[in-house]
Amino acid sequence: MTTPRTAQRQLASTAAEDIARTAEKLATKKIWLPKLLYDGLPWFYLSAGILAFLATVYVSTWLWVVPHYLLFSLACVHLGLVVLRKRQRTRRN
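Residues numbered from 1 in each chain as written. Predicted model: local features only at pLDDT ≥ 70, side-chain atom pairs only at ≥ 80, totals over all residues. Heavy atoms only, no water.

### Here's the deal with the overall build of the chain
Our working rule: Secondary structure elements are defined from DSSP: runs of H or I of at least 4 residues count as helices, runs of E of at least 2 residues count as strands, and each element is numbered from the N terminus. Only protein chains enter the accessibility calculation, which uses a 1.4 Å probe; a residue whose area is less than 20% of its type maximum is buried, one above 50% is exposed, and one in between is partly exposed. The contact criterion used throughout is that any non-hydrogen atoms of two residues lie within 4.5 Å. To measure how exposed things are, a 1.4 Å probe is used in the Shrake-Rupley method; for residues, cover is taken only from the protein chains shown.
The secondary structure content of the chain amounts to three helices and zero strands. Start at the N end of the chain and walk to the C end: the helices and strands fall as α-α-α. Here the chain, with 93 residues, has 17% of them falling under the buried criterion. Within the chain, residue pairs in contact and separated by at least 24 positions form 65% of the contacts whose partners lie at least 6 positions apart. By element, 69% of the accessible surface of the chain is carried by carbon and sulfur atoms, the whole surface being about 8400 Å².

### A short note on the packing of helix α2 (residues 35-58) against helix α3 (residues 66-92)
The relative placement of two packed helices is expressed as an angle between their axes plus a distance between the axes. Our working definition: All axes are obtained by fitting lines to C-alpha atoms, using only the stretch in contact for helices, and the reported angles, taken between N-to-C directions, cover 0 to 180 degrees. Oblique is the label for any angle not covered by the other classes, which are roughly parallel (under 35 degrees), roughly antiparallel (over 145) and roughly perpendicular (65 to 115). By definition, any crossing whose near helix is turned counterclockwise from its far helix by less than a right angle is left-handed, and any crossing with a clockwise turn is right-handed.
Packing of α2 against α3 brings their axes to within 8 Å, and their N-to-C directions diverge by 155 degrees. By the criterion of interaxial angle, the relationship of α2 to α3 is roughly antiparallel. Classified by chirality, the crossing of α3 by α2 is left-handed.

### A few points about the side chain of Thr56
Threshold: Polar contacts, as used here, are pairs of N or O atoms within 3.5 Å; protein pairs need one atom able to donate a hydrogen and one able to accept it. Residues neighboring in sequence count only if both atoms are side-chain atoms.
Locating Thr56 in the fold gives a position in helix α2. From its side chain, Thr56 meets the backbone oxygen of Phe53 in a polar contact 2.4 Å long. Apart from the residues within four sequence positions on either side, Thr56 is in contact with Val66, Tyr69 and Leu70.

### Describing the pattern of salt bridges
Note on pairing: side chains with opposite charge can pair once their charged atoms come close. Quick note on the threshold: In what follows, salt bridge is the name for a side-chain nitrogen of Lys or Arg lying within 4 Å of a carboxyl oxygen of Asp or Glu.
Under the criterion given, the structure shown has four salt bridges. Linking Asp39 and Lys35 is a salt bridge whose minimum nitrogen-to-oxygen distance equals 3.1 Å. Here Lys35 and Asp39 lie together in helix α2, a separation of four residues that amounts to about one turn. The class for Asp39 is partly exposed, based on a relative accessible area of 29%. Each of Glu17, Asp18 and Arg21 takes part in salt bridges that share partners, so that together they form one network.

By themselves these figures say nothing about function.
If you want it as C-alpha cells, here you go:
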C-alpha cells in the first residue's frame, strides 16, 4: 500500500524524469542554419575574439573586466580555429 508521501515522491520523480528527457531531446536536437550563416560562423567567432582582445586596451581602467575579455577572446578564437580546421578536413575527404 502506498502512502500519500510515497505517491508524492513518485510524482516528483516522474516530473524530474520528464524534465530530464525534455532537456536531453533539446540538447541532441539538430539545428539547421542557412548556408550563409553556417559558412560565416567561424569567421564571426574569430572576429569576435579579435575584437574582444582589442577591447582590453580600451577597458584597462576597469581591471576586473580585463580577465573576462581575455578569456572570452581566447575562447572565441579557439572555437573559430577549431571549426575552420574541422570543416577544412571534412572538405578534403
